[in-house]
Amino acid sequence: AVTIAAGTTNRAFDQIFMTVAGRADLELSVPIGSGFDEKIPMKVARLPFVESVAPLVKRNTRLYVGRAKNYGMVVLGIDPAVDQEVRDYDITAGKMIDNKTGGVMLDASFAANAGIKLNQPIEFLTKEGITKTHVAALYKTRGAAINVEGTTMLMPILAAQHFFKTAKKVDAAQIVLKPGADKE
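Starting afresh in each chain, residues are numbered from 1 along the sequence in its written order. Reporting in this predicted model follows two pLDDT cut-offs: at least 70 for local features of residues, and 80 or more for side-chain atom pairs to be given and counted; totals over whole chains, interfaces and linings ignore these cut-offs and use all residues. Based on all heavy atoms of the structure, the side-chain values leave hydrogens and waters out of the count.

Caption draft 1: Representation of the pairing of strand S9 (residues 152–156) within the structure. Relative accessibility under 20% of the residue-type maximum defines a buried residue, over 50% an exposed one, and the middle range a partly exposed one, all with a 1.4 Å probe and only protein chains included. The numbering of helices and of strands both runs from the N terminus, where a helix is a DSSP run of H or I of at least 4 residues and a strand a run of E of at least 2. Counting buried positions along S9 gives five out of five residues, so the element sits mostly inside the fold. Strand pairing follows a simple DSSP-based rule, namely that at least 2 bridges must link the two strands. In the sheet, strand S4 (residues 69–78) pairs with S9 via five bridges, with the strands oriented parallel. For Val-75, the partnering residue across the bridge sits in S9 and is Met-153. Looking at chain direction, strand S6 (residues 104–107) and S9 are connected through two bridges and run antiparallel. By the bridge assignment, Met-105 is partnered in S9 with Leu-154.

Shown next, in the form of structure tokens:
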């Protein structure tokens, strides 16, 4: 039983990594909670061998649906303008989140199993306490980026920086290199 549980746990961590990393060739990161200046990914993007850079804020949270249901989640604060250049997913309902309209994106399979609908109000735990928002879109991962059902909630990076008190900082930047660039 321990071997089965360990194998399942290892597969889950591998799948979470693939969801977060997507097509990235490289990642700049620091331990969660410490962060680095949000201007660094912009400087990296100007390097001649870099195709795209997607900054991230990563935080653990609890998602609350009504009073009876709650789920452990990983929040990824993303830059909606560049995120799909790095991560493989399709929006299956709703539209891409942005800094003006707000809301979050949830994995479509997780949402279906949890009974969560598009535009439904939800709450999640932040450094400010319980925060209200709505489901602006549902997504499905594709290719190698198989999502562990229900583990990842996407929100605009500015919202994540605000709610998790990381103003002007990011936890990671995923980098896609131009074809032929040396990863070493």
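Caption draft 2: Seen up close, the layout of surface pockets. A 1.4 Å probe that fits but cannot get out identifies a cavity on a 1 Å grid over protein atoms alone, an open set with protein on both sides within 12 Å along at least five of seven lines counts as a pocket, and a residue lines either if it has an atom within 4 Å of a point. Grid points are joined across faces, edges and corners, and a volume is the space filled by probe spheres set on the points. One number sums up the size of the largest pocket: a volume of about 190 Å³. Every residue lining the largest pocket is listed: Glu-38, Pro-41, Met-42, Ala-45, Val-53, Pro-55, Asp-79, Ile-157, Leu-158, Gln-161 and Val-170. Contributions of two or more residues to the lining of the largest pocket are made by helix H2 (39–45), strand S3 (50–65) and helix H5 (157–163). As a working rule, the residues Ala, Val, Leu, Ile, Met, Phe, Trp, Tyr, Cys and Pro are called nonpolar, Asp, Glu, Lys and Arg charged, and the rest polar, with Gly in that last group. Considering only residue class, the lining of the largest pocket consists of eight nonpolar, one polar and two charged.

Caption draft 3: Structural context of the pattern of salt bridges. We define a salt bridge as a contact between a side-chain nitrogen of Lys or Arg and a carboxyl oxygen of Asp or Glu at a distance within 4 Å. All chains considered together, the criterion is met by six salt bridges. Across the salt bridge formed by Lys-168 and Glu-38, the nearest N and O atoms sit 4.0 Å from each other. With Lys-168 in the loop between H5 and strand S10 (169–170) and Glu-38 in the loop between strand S2 (36–37) and H2, the pair connects residues that are 130 residues apart, well separated along the chain. Lys-168 gets classed as exposed once you look at its relative accessible area, which sits at 58%. The shortest N-O distance in the salt bridge between Lys-165 and Glu-128 comes to 2.9 Å. With Lys-165 in the loop between H5 and S10 and Glu-128 in the loop between strand S7 (121–126) and strand S8 (129–141), this residue pair connects regions lying 37 residues apart in the sequence. Judged by its relative accessible area of 40%, Glu-128 is partly exposed.

Caption draft 4: Structural context of unusual backbone geometry. The backbone phi angle of Asn-119 is positive, close to 70°, even though this residue is not glycine. Positionally, Asn-119 belongs in the loop between helix H4 (108–114) and S7. Look at Asn-119 and you get exposed, because its relative accessible area is 53%. Of note, Lys-168 is a non-glycine position whose phi angle comes to about 65°, a positive value.

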